[in-house]
Amino acid sequence: MNPLTHAGAMAAYNRWMNERIYECCARLSDEERKRDVGAFFKSIHGTLNHLLLGDRIWLGRFKGRPFKVESLAQELYADFAELRAGRASTDAEIIAWVDSLSE
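Rules of the game
Residues numbered from 1 in each chain as written. Predicted model: local features only at pLDDT ≥ 70, side-chain atom pairs only at ≥ 80, totals over all residues. Heavy atoms only, no water. Core = buried A, V, L, I, M, F, W, Y, C linked by side-chain atoms within 4.5 Å. Buried < 20%, exposed > 50% of the residue type's maximum accessible area, 1.4 Å probe, protein only. Helix = DSSP H or I, 4+ residues; strand = E, 2+ residues; numbered from the N terminus. Contact = heavy atoms within 4.5 Å. Salt bridge = Lys/Arg side-chain N within 4 Å of Asp/Glu carboxyl O.

J.: Explain the nonpolar core here, please?
T.: Generally speaking, a soluble globular protein has its nonpolar side chains buried in company with each other. In terms of nonpolar packing, the biggest core is built from nine residues, these being Tyr22, Cys25, Leu48, Leu52, Leu53, Ile57, Leu76, Phe80 and Leu83. Within the residue set of this core, elements represented by two or more residues are α1 (3-26), α3 (44-63) and α4 (80-100). Per-element tally for this core: the top contributor is α3, with four residues. Setting aside its immediate chain neighbours within four residues, phenylalanine 80 contacts Tyr22, Cys25, Ala26, Asp30, Arg33, His45 and Leu48. Within the second largest apolar cluster, five residues are counted, among which are Ala11, Leu59, Ile95 and Val98.

J.: How should I be thinking about the environment of valine 37 in this particular structure?
T.: By the secondary structure assignment, valine 37 is in the loop between α2 (30-34) and α3. Sequence separation between valine 37 and proline 66 is 29 residues; the distance between their C-alpha atoms is 31 Å. With near-sequence residues (within four places) excluded, valine 37 lies in contact with Lys42 and Ser43.

J.: What exactly am I supposed to notice about the pattern of salt bridges here?
T.: Between side chains of opposite charge, pairing is possible as soon as their charged atoms come close. With the rule as written, the count across this model stands at seven salt bridges. Linking arginine 35 and glutamate 31 is a salt bridge whose minimum nitrogen-to-oxygen distance equals 3.8 Å. A residue is classified by how much of its surface remains accessible, and arginine 35, at 42% relative accessible area, is partly exposed. Among the residues examined, glutamate 31 registers a relative accessible area of 59% and is labelled exposed. When the shortest N-O distance is used, the salt bridge between aspartate 91 and arginine 87 registers 2.7 Å. Of the two residues, aspartate 91 and arginine 87 both sit in helix α4, four residues apart, roughly one turn of that helix. Assessed through its relative accessible area of 3%, arginine 87 is described here as buried.

Right under this line is the structure:
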């Protein structure tokens, strides 16, 4: 498979899976999403924040515009709706970046 085609497929798959994860998480209460379950980033909400943070860090590196962070546990959004919107926006930005690549 052509590397650009593969990158496009992976970016689209990433967005699709994130949409599915957030659909499932939206069925939970805020309390359930933020409950410390002993995960590395404590809660589901903390883990979703970390994944978004990581994607923004890498995307910033790829685009030559570093995304500054205080720590890998930094909370980007305390509100789930804002976190979900931030995820969707970043996924669209990833796809746009992949679409801008050339061989």
